[in-house]
Amino acid sequence: MSMFETQTIHCPACGTAKQADMFFSVNADRRPDLRAAVIDGSFQRQTCANCQAVFRIDPDFNYLDLRRGQWIAVHPFSRLGDWAELQAADQASFDTAYGVAASRGAREIGAGLAVRMVFGWPAFREKLVAAEAGLDDRDLELLKMALLRARDDAPISGTVELRFAEENIDGLFMVWVDATTDTVVDGFAVPRLAYEQIATNVEDWGDLRAEIGTGLFVDMQRLMV
Ligand SMILES: [Zn+2]
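In this text the structure is predicted, and so the values were computed from the model without any measurement.

A. Expanded view of the overall build of the chain. Helix and strand counts for the chain come out as seven helices and ten strands. By the compact-globule yardstick of 17 Å for 225 residues, the chain fits well, its C-alpha radius of gyration being 18 Å. Across its three principal directions, the C-alpha atoms of the chain cover 55 × 50 × 35 Å. Residues counted as buried form 28% of the 225 residues belonging to the chain. Across the chain, the fraction of contacts at a sequence separation of at least 24, relative to all contacts at a separation of at least 6, is 56%.

B. How the structure looks around the pairing of strand β8 (residues 160-168). As judged from the eight bridges shared by β8 and strand β9 (residues 171-178), these two strands associate in the antiparallel manner. Following the sheet pairing, Phe-164 is matched in β9 by Met-174. Where β8 folds back onto β9 in an antiparallel hairpin, the turn is made up of two residues.

C. Main features of the nonpolar core. Core analysis: the biggest nonpolar cluster contains 31 residues, and Tyr-63, Trp-71, Ile-72, Val-74, Met-117, Val-118 and Phe-124 have the highest contact counts within it. Put simply, the parts of the chain that give this core at least two residues each are β2 (17-27), β5 (61-65), β6 (70-75), α2 (83-97), β7 (114-119) and α4 (121-132). In this view, Met-117 contacts Ile-72, Ala-73, His-75, Trp-83, Leu-86, Gln-87, Asp-90, Leu-216 and Phe-217; residues no more than four positions away in its chain are not counted. Membership of the second largest hydrophobic core comes to eleven residues, among which are Leu-142, Leu-143, Leu-172 and Trp-205.

D. Highlighting the packing of helix α5 (residues 137-150) against helix α7 (residues 202-212). One way to put it is that α5 packs onto α7 with a least axis distance of 9 Å and a crossing angle of 120°. Viewed along their axes, α5 and α7 adopt a mutual orientation that is oblique. The two elements α5 and α7 meet at a crossing, and its hand is right-handed. Residue-level inspection shows Arg-138, Glu-141 and Leu-142 of α5 in contact with α7, the latter providing Trp-205, Leu-208, Arg-209 and Ile-212.

E. Fine view of the sheet that holds β8. Taken in spatial order, the three strands line up as β8-β9-β10 in an open sheet, and their pairing is antiparallel. The sheet is open, and its two borders are formed by β8 and β10 (183-190), each paired with just one other strand. Neighbouring strand axes in the sheet, compared pairwise and without regard to direction, differ in orientation by 25° on average. Along the sheet, α4 makes contact with β8 and β9, crossing β8 at roughly 25°. Running at roughly 115° to β8, α5 makes contact with β8, β9 and β10 of the sheet.

Criteria and cut-off values
- Residues numbered from 1 in each chain as written.
- Predicted model: local features only at pLDDT ≥ 70, side-chain atom pairs only at ≥ 80, totals over all residues.
- Helix = DSSP H or I, 4+ residues; strand = E, 2+ residues; numbered from the N terminus.
- Rg over C-alpha atoms; globule rule 2.2 N^0.38 Å.
- Buried ≥ 20, exposed ≤ 12 C-beta atoms within 10 Å, placed from the backbone.
- Contact = placed C-beta atoms within 7 Å.
- Pairing = 2+ DSSP bridges.
- Core = buried A, V, L, I, M, F, W, Y, C linked by C-beta atoms within 7 Å.
- Axes fitted to C-alpha atoms, helices over the stretch in contact; angles between N-to-C directions.
- Parallel < 35°, antiparallel > 145°, perpendicular 65-115°, else oblique.
- Left-handed = near helix turned anticlockwise from the far one by under 90°.

Bear in mind that shape data such as this cannot, by itself, settle questions of function.
Here it is in structure tokens:
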């Protein structure tokens with residue numbers, strides 16, 4: 001079930017109060033419109049009635065998509081530094097609902113779910129579009145690390161991240177995006193072949209793939225924070 005509470009929020013630019021629906025559980029099977037809103041960037045996006053500033057409320061909810069096999073604990077980007085501690089809590093939440101502490105029927109459902117945690121809108125969106133494009137998120141993280149190693153002008157910073165945005169006729173379109181504002185800084189395409197070569201290269205990438213695929217936080221950020 002998708003669940004939300006109507007809460008009072010304040011415009012970050014002028015402080016004007018407004019009422020907004022804050023989700024704490026999102027079920028993509030029952031509410032495909034919410035999944036679509038994550039992908040198109042409109043989910044929890046607000047416009048201030050006073051100063052017209054556009055801003056996004058940080059995500060902080062559990063996401064479930066049984067059809068696509070995704071269970072994701074979505075956290076605000078500001079909690080990134082706490083990932084190890086949050087991972088234990090997220091694993092416990094999953095175990096209660098679909099894991100070792102759940103009923104047999106629920107465990108059978110859980111066996112078909114990839115269990116993940118993410119920080120911020122761009123990271124969350126990436127998990128959805130990568131699955132849609134048939135990309136394994138572990139191999140996608142390896143590709144991003146290879147791309148970062150190959151260029152010395154990467155505009156990466158404490159808040160700017162490299163994320164997969166979509167597959168188009170030029171290949172895999174990657175963006176530099178500010179995770180705090182969800183603003184794209186720049187973008188470029190990578191041939192899908194570059195991804196395939198990494199995904200099939202166990203000799204050079206196997207160890208790192210195993211490391212990045214351990215636990216819920218399948219993101220190169222874990223090696224950087
Ligand atoms: Zn305002």
